[in-house]
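Architecture at a glance
What follows is the residue order along each chain.
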Amino acid sequence: MGEVRPIVRVGDPVLHRPCEPVTGFDGELAALVADMFASMYAAEGVGLAANQIGVPLRVFVYDCQDADGRPHKGVVVNPVLELPGLGERRLDAGDEGCLSVPGQYAPLPRADRATVRGFDAEGEPVVVEGTGLLARCLQHETDHLDGHLYIDRLPAKRRKQVLAAYEESTKADKAPL
């Protein structure tokens, strides 16, 4: 059982720069992973990168289904993303959202299959192959660790619309009663 930490929002510098590789597979990392799962579940997400709770390390957790509806849950430390070659790649143009840009969604084409290679929290090698939502999640979370949000992949006009809607929603949240 981890501690729920606040989710960092778009604009915070920790989200906009590449994260550092993990070098220690110890109790500190295990506690971080537990906090990440607790924070992800509290925010009702399906994936969470460490920098989304303010920790600039290359770690993400996930708990979502693949294209066949099978559940997948895990952690990947120091992930390396692999996508099908351009000739083999099919795009899924579904909507995407992010816990760091809450309440906003936009269609974003992503490869319908993805593989991530890395390590588990104990330092053992892992390979996660995903389709459907899991493939999208693997790409989305790896982007976070590289200092990119999904909105950075949107056309400029759509990105501005999403950010304007987000700003408007935060003003509404802060309006006096």
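The following refers to the structure shown. Because the structure is predicted, anything quoted here is derived from the model rather than measured.

Attention now goes to the pairing of strand β9 (residues 125–131). Along β9, the buried face is formed by Val126, Val128 and Gly130; none of Pro125, Val127, Glu129 and Thr131, which line the opposite face, is buried. The pairing of strand β8 (residues 113–119) with β9 spans seven bridges and is classified as antiparallel. Of the residues in β9, the one forming a bridge with Gly118 is Val126. Taken together, β8 and the strand that follows it, β9, pair antiparallel across an intervening segment of five residues, in which Gly123 is found at a positive phi of about 90 degrees.

Turning to the nonpolar core, a few remarks are in order. Val33, Met36, Val59 and Val61 are the most contacted members of the largest nonpolar core, which has 17 residues in total. Every element with two or more residues in this core is listed here: α1 (27–42), β2 (59–65) and β3 (71–82). With six residues, α1 is the single largest residue contributor to this core. Look past the residues within four positions of Met36 in its chain and what remains in contact with it is Leu48, Ala49, Ala50, Ile53, Val59, Phe60 and Val61.

Turning next to unusual backbone geometry. One non-glycine residue, Glu44, adopts positive backbone phi at about 60 degrees. Relative to the assigned elements, Glu44 resides in the loop between α1 and β1 (47–49). You can call Glu44 exposed: its relative accessible area is 72%. Residue Asn78 is not a glycine yet carries a positive backbone phi of 50 degrees. Mapped onto the fold, Asn78 is located in strand β3. Its relative accessible area of 17% is what places Asn78 among the buried residues.

Following the sequence through the fold, Asp95 ends up in strand β5 (residues 95–97). Distance in space between the C-alpha atoms of Asp95 and Pro109 is 8.3 Å, their sequence separation being 14 residues. Setting aside chain neighbours within four positions, we find Asp95 in contact with Tyr105, Ala106, Pro107 and Arg136.

This next bit is on the pairing of β8. Within a regular beta strand, the side chains point alternately toward one face of the sheet and then the other, so they alternate between its two faces. Two elements, β3 and β8, share four bridges in a ladder whose sense is antiparallel. Each residue of the ladder has a partner; that of Glu82, found in β8, is Thr115.

Right, let's get into the state of the cysteines. For the structure shown, the criterion picks out zero disulfides. Between Cys98, a free cysteine, and Cys137, which holds the nearest cysteine sulfur, the sulfur-to-sulfur gap is 11 Å. A disulfide-free cysteine, Cys137 has its sulfur positioned 4.2 Å from the sulfur of Cys64, the nearest such atom. The class of Cys137 is buried, set by a relative accessible area of 4%.

About the criteria used
Residues numbered from 1 in each chain as written. Predicted model: local features only at pLDDT ≥ 70, side-chain atom pairs only at ≥ 80, totals over all residues. Heavy atoms only, no water. Buried < 20%, exposed > 50% of the residue type's maximum accessible area, 1.4 Å probe, protein only. Helix = DSSP H or I, 4+ residues; strand = E, 2+ residues; numbered from the N terminus. Pairing = 2+ DSSP bridges. Core = buried A, V, L, I, M, F, W, Y, C linked by side-chain atoms within 4.5 Å. Contact = heavy atoms within 4.5 Å. Disulfide = S-S within 2.5 Å.

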